[in-house]
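As a plain string of letters, each chain reads:
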Amino acid sequence: MYNQIQNPPPVFKSVVEDHFRLRKAELVDQIDKWAKLEKNAGRKSKLADQYRALLEGLESYPEDEEDEEDEEKEKEEEEEEMKE
C-alpha cells in the first residue's frame, strides 16, 4: 500500500490516488486497529504515523474544499438567522 501511494504506476496514477483519497478515513481507522495489535509499541507507533502522514498528504479534491466552504457559509447564515 505504501509503495503504491508513493510510486503509483504512471498509467494508473490518478486512479490510485483517487482510490486512496476516497478511502483515506477508512484506511486510517484500519491502520489504527492494526497498530493496536502490534506488540512492539515503538514499531507500531512509527508505522502507523508513517501511513497516516502518507494518507493525509494526499491532496483533497478541489470540489471537496468548495463543499466544505459552502457548508461553513450555510452554517454561518443559519446562525445569523437564529440571532435575528
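Remember, it's a predicted structure, so these values are computed and weren't measured experimentally.

Draft legend 1. Spatial organisation of the side chain of K24. Checked against the element boundaries, K24 lands in helix α3 (residues 24-37). Once residues lying within four places of it in the same chain are set aside, the contact partners of K24 are L55, E56 and L58.

Draft legend 2. Focus on the pattern of salt bridges. Applying the stated criterion across every chain, the model contains three salt bridges. D18 serves as the salt-bridge partner of R21, at 2.8 Å between the closest nitrogen and oxygen. In this pair, R21 and D18 both sit in helix α2 (residues 13-22), three residues apart, roughly one turn of the helix. Of the residues examined, R21 reaches a relative accessible area of 15% and is grouped as buried.

Draft legend 3. Just the nonpolar core, in detail. Counting residues in hydrophobic clusters, the biggest one holds 11 residues: I5, V16, F20, L27, V28, I31, A35, A48, L54, L55 and L58. For this core, the elements supplying multiple residues, two or more each, are α2, α3 and α4 (41-56). When residues in this core are grouped by element, the largest group, four residues, is from α3. Every residue in contact with L27, bar those within four places of it in the chain, is listed here: M1, F20 and L55.

Draft legend 4. Expanded view of the confidence of the model for the chain. On average, the chain scores 76 in pLDDT, and the residues at 70 or more come to 76%. Within the chain, α2 carries the highest mean pLDDT (87), whereas helix α5 (residues 62-83) carries the lowest (68).

Thresholds, definitions, all that
- The residue numbers shown here count from 1 along each chain, following its written sequence.
- Since the coordinates come from a predicted model, pLDDT governs what is reported: local features require at least 70, and pairs of side-chain atoms require 80 or more to be given and counted, while whole-chain, interface and lining totals use all residues.
- To get the side-chain values, take all heavy atoms of the structure and skip hydrogens and water.
- Runs of E in the DSSP output that reach at least two residues are strands. Runs of H or I that reach at least four are helices, and both are numbered from the N terminus.
- In this description, contact between two residues means that some pair of their heavy atoms is separated by no more than 4.5 Å.
- Each salt bridge in this description consists of a side-chain nitrogen of Lys or Arg and a carboxyl oxygen of Asp or Glu lying within 4 Å of one another.
- A 1.4 Å probe rolled over the protein chains alone gives each residue an accessible area, and that area as a share of the maximum for its type sets the label: buried under 20%, exposed over 50%, partly exposed in between.
- The set of buried Ala, Val, Leu, Ile, Met, Phe, Trp, Tyr and Cys residues whose side-chain atoms join them within 4.5 Å is what this entry labels a nonpolar core.
- For every residue, the predictor reports its confidence as pLDDT, a number between 0 and 100.

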